[in-house]
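# Examining the three-dimensional arrangement
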Protein chains: 2
Amino acid sequence: MQESGEMYLESILVLSQKDEPVRSMDVAKYLGVSKPSVSRAMAILKNGNYVEIDSLGHITLADAGRKIAEKIYERHVVLTEFFERLGVDKQTAEEDACRIEHVISDKAFDIVKAHINEKGQTSGQEK
Amino acid sequence: MQESGEMYLESILVLSQKDEPVRSMDVAKYLGVSKPSVSRAMAILKNGNYVEIDSLGHITLADAGRKIAEKIYERHVVLTEFFERLGVDKQTAEEDACRIEHVISDKAFDIVKAHINEKGQTSGQEK
DNA sequence: ACAAAAGGTTAGCAATGGCTAACTAAAAGT
DNA sequence: ACTTTTAGTTAGCCATTGCTAACCTTTTGT
């Protein structure tokens, strides 16, 4: 699984948390990429059994895809929170999380996550 | 400057800390890439005035290249230290630093660095 | 019903950054 | 001196991942 694949899967997960079904165009708009880029990515992800696409073009995560999407999304959330706790502004924290989520090791992430869960679950509510 | 360019420059900096002059082969061995990969990279870096290569093939960092190399190397050292302090084993810390050093923002890095300098400069000597 | 808009695919280009194979040039060994 | 090894370059391949242009399809609106 490439970094770009992870991004597409994560997008689908995020978009599917809204009510409407997810289509290629939604992903394209969300990620700021062109239609053909999404089209090809979906073909690859579908081929690898990471997503399913019905006759109406509605995209759903298959088990393998959901697993990856959730993993990356968790990293996104935890890393964003982590950086914010360190003192990084929200937007920068999010942007950094977005890049680091794809490259951090499981080992390092688990430790970062443990630190977040340990050092006050409630400190996210300041301001 | 691409991520790969940063890696090459950082390698040259690290290798030049030893006594001998740095040649393409040293970089190739250090990074585990082929000779032609280094050859092309050096041509690009030389062209952009990031490195100088004398008639004997000895590679030195030009000012622009040194600046980048030192920035990335500092990130490498600080991020490795940071992860180790969090509880990540040395090897994993180093591997993660190696990937994150290219994608972390200046803002986030400065804050990470400040935390390192703050929370005990001496705790690196345990064990 | 037919035209327009929206969604999706196909074809093909570009940049990045690996690689091997094959060549040239320089250094070292006998 | 001649051979062999080492260093470096050139040419050209491959995969990834973005893009535009152009073409279908399907939906929508009048």
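What this report covers is the structure whose coordinates are included nearby. (Residues numbered from 1 in each chain as written. Chains lettered and ligands numbered in written order. Predicted model: local features only at pLDDT ≥ 70, side-chain atom pairs only at ≥ 80, totals over all residues. Heavy atoms only, no water.)

Let's shift gears to the environment of I53(B). All names here are of chain B. Here I53 is to be found in strand β1 (residues 51-53). Taking the C-alpha atoms as reference, I53 lies 9.6 Å from V22; in sequence the two are 31 residues apart. Excluding residues that lie within four positions of it along the chain, I53 makes contacts with M42, K46, H58 and I59. (Helix = DSSP H or I, 4+ residues; strand = E, 2+ residues; numbered from the N terminus. Contact = heavy atoms within 4.5 Å.)

Along an α-helix, residues three or four positions apart point the same way, because every turn accommodates 3.6 residues. Residue and element names in this part refer to chain B. Within helix α2 (residues 24-31) the residues assigned to the buried category are D26, V27 and A28. Next to the buried residues of α2 lie α1 (3-16) and α3 (35-47). Just beyond α2, the residue with positive phi is G32, at close to 70°. (Buried < 20%, exposed > 50% of the residue type's maximum accessible area, 1.4 Å probe, protein only.)

A few words now on the interface of chain B and chain A. Quoted interface sizes are often the accessible area lost when the parts come together. Opposite the 19 residues of chain B that make contact, chain A presents 19 residues. Summing both partners gives a buried area of about 1600 Å² for chain B against chain A, and 68% of it is carried by carbon and sulfur. Applying the counting rule to chain B against chain A returns two salt bridges. Residue D89(B) is joined to K107(A) by a salt bridge in which the shortest nitrogen-to-oxygen separation is 3.6 Å. (Buried area = accessible area lost by both parts, 1.4 Å probe. Salt bridge = Lys/Arg side-chain N within 4 Å of Asp/Glu carboxyl O.)

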